[in-house]
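Read off the chains here:
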Amino acid sequence: MSQDINQPEYLDDTDPERNHDYWRQDHGGVVTNHNGVADQLLKNNELYNQLKGDWSRTDWNASKNIRTTTGREDGKFYIKREQMNTDAVAERCRLYRQAAEQGHPDPLAPIGEDGKLTWKWMDLPNVVSIRISDQYFGGMPWQALKNDRTLKAQFYRVVQQEYPQYVCYPGGKLPIPVEVSYPAKVGEQKFFKGHTQ
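Presented here is an overview of the structure given in this document. (Residues numbered from 1 in each chain as written. Predicted model: local features only at pLDDT ≥ 70, side-chain atom pairs only at ≥ 80, totals over all residues. Heavy atoms only, no water.)

1. Here we look at the packing of helix α4 (residues 126-136) against helix α6 (residues 149-162)
Right, on to step 1. Viewed as axis vectors pointing N to C, α4 and α6 meet at an angle of 115°, and their least axial separation amounts to 11 Å. If you check the angle between α4 and α6, you find them roughly perpendicular. In the packing of α4 onto α6, the handedness of the crossing is right-handed. Residue-level inspection shows Ser-129, Ile-132, Ser-133, Gln-135 and Tyr-136 of α4 in contact with α6, the latter providing Phe-155, Val-158, Val-159 and Glu-162. (Axes fitted to C-alpha atoms, helices over the stretch in contact; angles between N-to-C directions. Helix = DSSP H or I, 4+ residues; strand = E, 2+ residues; numbered from the N terminus. Parallel < 35°, antiparallel > 145°, perpendicular 65-115°, else oblique. Left-handed = near helix turned anticlockwise from the far one by under 90°. Contact = heavy atoms within 4.5 Å.)

Put into structure tokens, the structure is as follows:
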């Protein structure tokens, strides 16, 4: 018998809680039967023995502008991503910002709260987005970060501070609606911890 999802208790005003850990690239932890494909592959001793030495593999994405190299060197796995069109994206952002500052409207831009057209905020290369996610948000991708208002604002602050060439908004300063602190890099302490003995 199927469960009816149109019951009143499913229609209350509370938002569902999101577990952002599902979006992370590396779950880690104890290998169980429920950790997914990667952990099942690690249980394969034959495959594990093949991957023990140093190796690397390079491949391109479908549009042939991102080269991803994965491998193992000195016993450590690595992923290296190179995007070939970052200069073209930065130039596109510069031209967009220049046109916006001259007052040219963008018909594809989002509509603001006042009902008028606004401008695109940023045009970020995938590799830069992944780099920010890895350095500041523990590998949580932009697709997950933009669901949380604070994390989204912190992401915008990092882009504005460290990658201003990809900001499309006129003046180069994003109108971030929430005042948030600048995020600390993964593994760094943002505030003074006190004396240790």
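What follows continues from the structure just given.
2. Quick notes on α6
An α-helical turn contains 3.6 residues, so any two residues separated by three or four positions project in the same direction.
Right, on to step 1. Between the first and last C-alpha of α6 there are 20 Å, a value that for 14 residues agrees with the 20 Å anticipated at 1.5 Å per step.
Right, on to step 2. The set of residues buried in α6 consists of Leu-151, Ala-153, Gln-154, Phe-155, Tyr-156, Val-158 and Val-159.
Right, on to step 3. Residues of α6 that are buried make contact with α4 and α5 (142-145).
Right, on to step 4. For α6, the capping residue at the N-terminal end is Asp-148, with a side-chain oxygen 3.2 Å from the backbone nitrogen of Thr-150. (Expected span 1.5 Å × (residues − 1). Buried < 20%, exposed > 50% of the residue type's maximum accessible area, 1.4 Å probe, protein only. Polar contact = N/O pair within 3.5 Å; in protein donor to acceptor, adjacent residues only side chain to side chain.)

3. Remarks on the side chain of Arg-97
Right, on to step 1. Among the secondary structure elements, Arg-97 is positioned in helix α3 (residues 86-101).
Right, on to step 2. There is no salt bridge for the buried Arg-97, and the closest opposite charge comes from Glu-101, which lies 4.5 Å off by N-O distance.
Right, on to step 3. A distance of 2.3 Å separates the side chain of Arg-97 from the backbone oxygen of Val-167, its partner in a polar contact.
Right, on to step 4. Dropping the residues within four chain positions of it, Arg-97 is found in contact with Pro-164, Val-167, Cys-168, Tyr-169, Pro-170, Gly-171 and Gly-172. (Lys, Arg positive; Asp, Glu negative; His and termini not counted. Salt bridge = Lys/Arg side-chain N within 4 Å of Asp/Glu carboxyl O.)

4. Remarks on the packing of aromatic side chains
Right, on to step 1. Applying the stated rule across the entire model yields eight aromatic pairs.
Right, on to step 2. Through successive ring pairs, a cluster of aromatic residues spans Trp-119, Trp-121, Phe-137, Trp-142, Phe-155, Tyr-156 and Tyr-169.
Right, on to step 3. It is Arg-72 that lies over the ring of Phe-77; its NZ or CZ is 5.2 Å from the centre.
Right, on to step 4. Lying over the aromatic face of Tyr-96, Lys-120 brings its terminal NZ or CZ to 5.0 Å of the ring centre. (Phe/Tyr/Trp six-rings, centres within 6.5 Å; stacked < 30°, edge-to-face > 60°. Lys NZ or Arg CZ within 6 Å of the ring centre and 35° of its normal.)

5. Here we look at the pairing of strand β3 (residues 76-83)
Two faces belong to every sheet, and in a regular strand the side chains alternate between them.
Right, on to step 1. Of the strand pairs in this sheet, strand β2 (residues 66-73) and β3 are connected by eight bridges, and their pairing is antiparallel. Among the inter-strand pairings, Arg-67 is bridged to a residue of β3, identified as Glu-82.
Right, on to step 2. Remark: two residues form the turn of the hairpin made by β2 and β3, two consecutive strands paired antiparallel; Asp-74 in that turn has positive phi of roughly 55°. (Pairing = 2+ DSSP bridges.)

6. Some thoughts on the pattern of salt bridges
Right, on to step 1. A complete count under the given rule lists four salt bridges for this structure.
Right, on to step 2. Taking the shortest distance from any N to any O, the salt bridge between Asp-123 and Lys-120 comes out at 3.9 Å.
Right, on to step 3. Each of the salt bridges in this network shares a partner with another, and the network as a whole consists of Arg-92, Lys-120 and Asp-123.

7. Here's the deal with the sheet that holds β3
Pairing between sheet strands relies on hydrogen bonds along the backbone, with the strands arranged either parallel or antiparallel.
Right, on to step 1. Read from one edge to the other, the open sheet built from three strands follows the order β1-β2-β3, with strand pairing classed as antiparallel. In the strand order of this sheet, the two ends are held by β1 (55-60) and β3, each with one partner. Taken pair by pair, the neighbouring strands of this sheet meet at an average axis angle of 15°, ignoring direction.
Right, on to step 2. Here β1 pairs with β2 via six bridges, running antiparallel.

8. A short note on the nonpolar core
Right, on to step 1. Counting 27 residues, the largest nonpolar core has Leu-124, Ile-132, Phe-137, Phe-155 and Tyr-166 as its most contacted members.
Right, on to step 2. Mapped by element, the contributors of at least two residues to this core are α3, α4, α5 and α6.
Right, on to step 3. The element best represented in this core is α6, accounting for five residues.
Right, on to step 4. Discounting chain neighbours no more than four positions away, the residues touching Tyr-166 are Thr-86, Val-89, Ala-90, Cys-93, Trp-121, Met-122, Asp-123, Leu-124, Pro-125 and Val-128. (Core = buried A, V, L, I, M, F, W, Y, C linked by side-chain atoms within 4.5 Å.)

9. A few points about the side chain of Asn-65
Right, on to step 1. Along the chain, Asn-65 turns up in the loop between β1 and β2.
Right, on to step 2. Looking at Asn-65, its side chain comes within polar contact range of the side chain of Ser-63, at 3.0 Å.

10. Side note on α3
Right, on to step 1. Taking 1.5 Å of rise per residue, the 16 residues of α3 would be expected to cover 22 Å, and the 22 Å separating its terminal C-alpha atoms lies within 8% of that figure.
Right, on to step 2. Taken together, the buried positions of α3 are occupied by Thr-86, Val-89, Ala-90, Cys-93, Tyr-96, Arg-97 and Ala-100. Along the axis of α3, the buried positions cluster into a sector of 125°, meaning they face one direction only.
Right, on to step 3. On its buried side, α3 packs onto β3. (Arc of directions from axis to C-beta.)

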